[in-house]
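Letter by letter, the chains look like this.
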Amino acid sequence: MKTVFLFLRQGISNRNLLRTDFLKTLKQYGGVQVVVLSPIGDDEEFRKEFEDEKVCVEKWPRTKVGFWEKRLKNLKDYIWVSRGLTRAIRVRRLAQLGRIGLAWRDFVGKMARIIGVSEQRINDWELKIYRGHHWIKELYDKYQPELVIFTRLFGTNLHVIKEAKKRGIPVLCLVESWDNLICKGPLSVVPDRMAVWNEGMKIEAEEFHGFPAEKVDVVGVPQFDLYSDAGRFIAKKDFFEPHGLDPALKLITYAASTEGFIPDELEVIETIYQAIQAGWLGIPVQLLVRMHPISSPELKAEYVRRFTGRSDLVLQGPGRTSRLHDGWDPSWSDMVMLASTIYYSDVVVGVASTFSIDAAALDKPVLCVGFGQGGSENRSKYFRGIFDQSHYRRLVDTGGIRVVYTKEELVDALRTYLIDPILDSAGRKRLREELCYRLDGQSARRAALAVLRELGLG
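Residues numbered from 1 in each chain as written. Predicted model: local features only at pLDDT ≥ 70, side-chain atom pairs only at ≥ 80, totals over all residues. Heavy atoms only, no water.

Visitor: Would you explain the packing of helix H4 (residues 67–82) against helix H5 (residues 87–114) in this entry?
Guide: Two measures define how a pair of helices packs: the angle their axes make with one another and the distance between the axes. Running from N to C, H4 and H5 point in directions that differ by 100°, and their axes come no closer than 7 Å. When the axes of H4 and H5 are compared, the pair comes out roughly perpendicular. Contacts from Leu-75, Asp-77, Tyr-78, Ile-79, Trp-80, Val-81 and Ser-82 in H4 reach Ile-89, Arg-90, Arg-93, Leu-102, Arg-105, Asp-106, Val-108, Gly-109, Lys-110, Ala-112 and Arg-113 in H5. Residue classes in the contact of H4 with H5 are distributed as nine nonpolar, two polar and seven charged. (Axes fitted to C-alpha atoms, helices over the stretch in contact; angles between N-to-C directions. Helix = DSSP H or I, 4+ residues; strand = E, 2+ residues; numbered from the N terminus. Parallel < 35°, antiparallel > 145°, perpendicular 65-115°, else oblique. Contact = heavy atoms within 4.5 Å. Nonpolar A, V, L, I, M, F, W, Y, C, P; charged D, E, K, R; others polar.)

Next comes the structure, spelled out in structure tokens:
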């Protein structure tokens, strides 16, 4: 019996791996035991959902990041960013830190490089100062894993993975999203192997992180496997009626952003709603606003206060909330609801998120908003940086999404797509081919097979 640790700190990882065919495929092999390490490993319902004779669930023993450990990680980030490997990370850090903050970190990073400090040297130092934690050691001693799997290459608390590296146990990262390698920073812990969405990520792993391409498996997008079979979606009547929507009308879905990402996002939603009410879109339309999983209770309350009770507008929650790092733990029914929402939408609107890829995967017209309230010059410059210079440029270049920088452009593009939903379909096809690898319903299985090969079973 070979034991695998599956270290999952976020709901997005639970969705991608536990509620797809990934876990099911591993369980089909009689010689594999999976131990799920989770912050909600002590939750009765979570344990009930996954524990069986082949799967054990343990609570992740949360530990604190040490003073020098945190400083070394910061220094590694400064060095990586100062090398200017990707504009995406600089646009992101500029938005987070401002010009002075970024310039100071660039200076520290360049000085470190001059005296011979590299990301790899810091990785070595981090492992040398890591002394272990008794709760983590007990788990390793109890189960004796042959392989440790994780999903977040850039986490600040990866002691479970450092323990594996200290013990010489192979580590595999199933990279959880398309943008991680280009805009999240240097690797917190270097895995022995990776599995990624697409060929572009394989190139990014080598170009930006020096990770050998021959150690990267391209598997596709496990959570998109659901999209390959519309027969699993909610029936149209059963989707529209509970939402209070009219199945005879066109539907625009607005996917809200991470809180604070876009200035005055509620005003952007208001712009769309007023265009619908004024008849500017040419035909009767209704609007569904899907709130973002990482939204504070205060923001959710503001959405409810402002938009509840309006005709032709409904709010949709993102799914089940949880004590996980990203605040949610979507169930299978939540995943089906998301797929059905996109499937029945005529146009999908958002800012700069993976939701655009979800929409393109189901061949739905995608609009990205590049302005805040009023579309002021400073805000437009910031958003143009996202779409023109950042990682999102990869999506824009496919022609599969359309970016709008003013209210007038937004209304005009909505009207155009509602009249001709086939418009830009060639771009959406290119986006699917470049970002999703294969939408054949087998991505989760391919990811599991990569694990089994690492165990010598595939």
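Visitor: Even after reading the chapter, I still don't get the sheet that holds strand E8 (residues 250–255), so can you show me in this structure?
Guide: Sheet strands associate in pairs through backbone hydrogen bonding, adopting either a parallel or an antiparallel arrangement. Taken together, the six strands give an open sheet; going across it, the order is E10-E9-E8-E11-E12-E13, and neighbouring strands pair in parallel fashion. The two strands at the open ends of the sheet, each matched to only one other strand, are strand E10 (313–316) and strand E13 (402–404). Neighbour to neighbour, the strand axes of the sheet diverge by 25° on average, direction disregarded. Bridge analysis of strand E9 (residues 285–290) against E10 gives four bridges, and the strand direction is parallel. Opposite Val-289, over in E10, you have Leu-315 as the bridge partner. (Pairing = 2+ DSSP bridges.)

Visitor: Would you take a moment to explain the pattern of salt bridges for this structure?
Guide: Opposite charge on two side chains permits pairing when their charged atoms draw close. Across all of its chains, the model carries 34 salt bridges by this definition. For Arg-232, the salt bridge is made with Asp-229, and the minimal N-O distance between the two is 3.7 Å. Accessibility expressed as a relative area gives 37% for Arg-232, which makes it partly exposed. The closest approach of N and O atoms between Glu-270 and Arg-306, which form a salt bridge, is 3.3 Å. Here Arg-306 lies in helix H13 (residues 297–307) and Glu-270 lies in helix H12 (residues 265–278), a separation of 36 residues in the sequence. Overlapping salt bridges, with partners in common, bring together Arg-19, Glu-49, Arg-320 and Asp-329 in one network. (Salt bridge = Lys/Arg side-chain N within 4 Å of Asp/Glu carboxyl O. Buried < 20%, exposed > 50% of the residue type's maximum accessible area, 1.4 Å probe, protein only.)

Visitor: Help me understand the nonpolar core in this model?
Guide: The tendency in soluble globular proteins is for nonpolar side chains to be buried side by side. Met-194, Ile-252, Tyr-254, Leu-287, Val-349 and Leu-410 are the most contacted members of the largest nonpolar core, which totals 107 residues. Looking at this core element by element, the count peaks at seven residues for H12. Residues contacting Met-194, with those up to four places away along its chain left out, are Leu-153, Leu-172, Cys-173, Val-175, Leu-181, Leu-187, Ala-205, Phe-211, Lys-215, Val-216 and Asp-217. With 29 residues, the next largest nonpolar core counts Phe-22, Val-55, Val-219 and Val-451 among its residues. (Core = buried A, V, L, I, M, F, W, Y, C linked by side-chain atoms within 4.5 Å.)

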